Structures are given as structure tokens and as C-alpha cells.
Amino acid sequence: MSQDRDANQSCAKCPGCTRREVFVKVGVGSIGAAFAGAAAFGYEFLSPNVLYEPSPIVDLGKPDQYPPGSVTQQTEAGLYIVHGPEGIYAMSAVCTHLGCLTAWNADLGIVACPCHGSKFTRDGTKIEGPAPRPLLWLRAYLDDEGNLLVDRSALLEQKEFVRT
Ligand code: FES
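Within every chain, residues take consecutive numbers counted from 1 along the sequence as written. Two thresholds apply to this predicted model, a pLDDT of at least 70 for residue-level local features and 80 or more for giving and counting side-chain atom pairs, whereas whole-chain, interface and lining totals are computed over all residues.

1. Comments concerning the overall build of the protein chain
Reasoning step 1: For the protein chain, the count of helices and strands is two helices and ten strands.
Reasoning step 2: We count a stretch as a helix when DSSP gives it H or I for four or more residues in a row; a strand needs E for two or more, and each element gets its number in order from the N terminus. Each helix and strand of the protein chain, ordered N terminal to C terminal, gives the series α-α-β-β-β-β-β-β-β-β-β-β.
Reasoning step 3: Restricting the calculation to C-alpha atoms gives the radius of gyration, and the globule rule supplies 2.2 Å times the number of residues raised to the power 0.38. Radius of gyration (C-alpha) of the protein chain: 33 Å, far over the 15 Å computed for a compact globule of 164 residues.
Reasoning step 4: Each principal axis of the C-alpha atoms in the protein chain carries an extent, and together these give about 100 × 40 × 25 Å.
Reasoning step 5: With C-beta atoms placed from the backbone, a residue counts as buried when 20 or more other C-beta atoms lie within 10 Å of its own, as exposed when 12 or fewer do, and as partly exposed for counts between those limits. Relative to its 164 residues, the protein chain shows a buried fraction of 17%.
Reasoning step 6: A separation threshold of at least 6 residues defines the contact pool for the protein chain, and within that pool the share at least 24 residues apart is 35%. By definition, residue pairs are in contact when their C-beta atoms, positioned from the backbone, come within 7 Å.

Below you can see the structure in the form of C-alpha cells.
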């Protein structure tokens, strides 16, 4: 009986509500917080674990923007577009030693790696340095609209050229 009286006494901090009402509000709030946490974990659990990666195929525009004799470095795509006498080809700019991004040196006419000094010719052949292999050639082709596409996931065993 005295417990009921204690529970029905008004709270000192909020005179309009009883102690019982305060406990009920705290309890309902706790249950609400627990449901919100469970819903958040449930949503996270049911969401697919998909790693969204950019497409390996890059559109490099019309081939006529790569004049004969040019070497164009596409830094964002990590590749070179070279217009040689046989046609246009694409070559990875990633060094075959430890994966640094190489750079075209127009003055010397070579591709150079800034990390450990490997050097390559414009067709990727190794000149010097610790790189164990030449630079990799990538599949380049024209789409139906005549745009030059490069598939960075398609490594070529033999040299292929896009003739324009
Ligand atoms: S990463 Fe290019 S030479 Fe080492």
C-alpha cells in the first residue's frame, strides 16, 4: 500500500507527472531504442555486401584526337594511348615491378617509373631497371559510334592495333 503511494507521488523534477509515469516513459523509451538498434542491424545484415567498382572499360573518345606518333597518358585510367605506324594501341601505365604509375617523358621519348627507375620504350619494352616484364598491352577497340574504348581487364598476349 505504501509502495503504491510512493509510486503515485509526483516527481520532484516534473510536478505534473507521477514517479510511475516517469518509469513507464523510461521503459517505453528503452524498448523503442532497442527496436531502433535491432532495425538498424537488421537492415545492415540484409543489405547486400557488394563492392561497387568502376567499369574496366573506359571510353577515350574519337581516335582522331590521338595524332600519328603521339603518346597520350590517361592518368585517371592508368594507361597510355599510343598512335604508332601500325595503328593505335593501349598500354597499361602501371609498372610491372611494384605497381607504381609510370610517366611518359616526351623529351627522352621513353616511359619512366619514378619509384625504382625502370624505363620502357613507347611500346612497353623494358630498357632498364628492376621491372621483370614489359608494360602490359590492353585491348583497345572501336564501338559502333567510332569511339575508342579500352578494356583494362583484357590483357593482350599479342600486340593488337586499332586501325583508323
Ligand atoms: S615500381 Fe617501377 S621500378 Fe619499381
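2. Details of the domain arrangement of the protein chain
Reasoning step 1: Segmentation of the protein chain into domains returns domain 1 (2–46) and domain 2 (57–155).
Reasoning step 2: Bear in mind that the domain bounds are from an automatic or database domain assignment. If you average the C-alpha positions of domain 1 and of domain 2, the two centres end up 66 Å apart.

3. Some words on the pairing of strand 9 (residues 137–142)
Reasoning step 1: With two bridges connecting them, strand 4 (residues 87–92) and strand 9 associate as antiparallel partners. Paired with Ala90 across the strands is Leu138, a residue of strand 9.
Reasoning step 2: When DSSP finds at least two bridges between two strands, those strands are taken to pair. Two elements, strand 9 and strand 10 (residues 148–155), share five bridges in a ladder whose sense is antiparallel. If you follow Tyr141 over to strand 10, its bridge partner there is Leu149.
Reasoning step 3: Where strand 9 folds back onto strand 10 in an antiparallel hairpin, the turn is made up of five residues, including Gly146, whose phi is positive at roughly 85°.

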